[in-house]
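The chain contents come next:
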Amino acid sequence: MPHYYCKRCGRIYVSDRNKGRCDCCGSDTYPVPEKYWYEGDEEEMTAKLQKLLREELVKTSDVYDEDLFDRRDDIMFSRGNKMLEDMNRAEAFAKGRAGGGRFGIECPYCHATNVRKVSLAGRAVSAGIFGLGSKKIGKQWHCNRCGSDF
């Protein structure tokens, strides 16, 4: 599988998935020249060759962004965490649906799936009556089993 690199943030990856676009900053990506491939196995690049590529091709590029270069690992880490959160949310949704819940949502207090969406009108009326003390401000769901809003 070919290697690609981004001239803007210095990201290097082995994949055809994002061919053409950097998955970190969205800039164009380019195939890594053979000069920077690891001699034993073209699928691997050593840290030394990656550093050389970044020094010779990335940092000399006219689109190089030093701030993005310095933050690229943090950006990719946070994106990985967001993807994990999305996967966990989807799994919880599927679990709630499998448990008979209409919306796939589970009450965080009693774990019932018998919930309903709090309507905008219901929130508005509650806020109108109780003002900022309303317990429905910022809540999306109501549990029909224990009565909590979340």
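Just so you know, these numbers come straight off a predicted model, no measurement behind them.

1. Some words on the overall build of the protein
- Within the protein, the secondary structure is distributed over three helices and five strands.
- When the helices and strands of the protein are listed from N to C terminus, the series reads β-β-β-α-α-β-α-β.
- Taken over 150 residues, the protein has a buried fraction of 31%.
- A total of about 10100 Å² of accessible surface is found on the protein, and carbon and sulfur atoms cover 53% of it.

2. A short note on the sheet that holds strand β1 (residues 3-6)
- Strand order across the open sheet formed by three strands is β2-β1-β3, with antiparallel pairing between neighbours. Since the sheet does not close on itself, it has two edges, and those belong to β2 (12-14) and β3 (29-31), each with one partner. Averaged over all pairs of adjacent strands, the angle between strand axes in this sheet comes to 30°, irrespective of strand direction.
- By the bridge criterion, three bridges tie β1 to β2 in an arrangement that is antiparallel.

3. Structural notes on the pairing of β1
- Where burial is concerned, the two faces of β1 agree: the one with His3 and Tyr5 and the one with Tyr4 and Cys6 are both buried.
- Linking β1 to β2, which pair antiparallel, is a turn of five residues; within it Gly10 sits at a positive phi near 85°.
- Sheet analysis places β1 next to β3, joined by three bridges and oriented antiparallel. Within β3, the residue paired with Tyr4 across the bridge is Pro31.

4. Quick notes on the state of the cysteines
- The full count for this structure, using the stated rule, is zero disulfides.
- Of the cysteine sulfurs around Cys146, a residue in no disulfide, the closest is that of Cys143, at 3.7 Å.
- According to the relative accessible area criterion, Cys146 is partly exposed, its value standing at 40%.

The rules behind the values
- Residues numbered from 1 in each chain as written.
- Predicted model: local features only at pLDDT ≥ 70, side-chain atom pairs only at ≥ 80, totals over all residues.
- Heavy atoms only, no water.
- Helix = DSSP H or I, 4+ residues; strand = E, 2+ residues; numbered from the N terminus.
- Buried < 20%, exposed > 50% of the residue type's maximum accessible area, 1.4 Å probe, protein only.
- Areas by Shrake-Rupley, 256 points an atom, 1.4 Å probe, with all protein chains shown as cover.
- Pairing = 2+ DSSP bridges.
- Axes fitted to C-alpha atoms, helices over the stretch in contact; angles between N-to-C directions.
- Disulfide = S-S within 2.5 Å.

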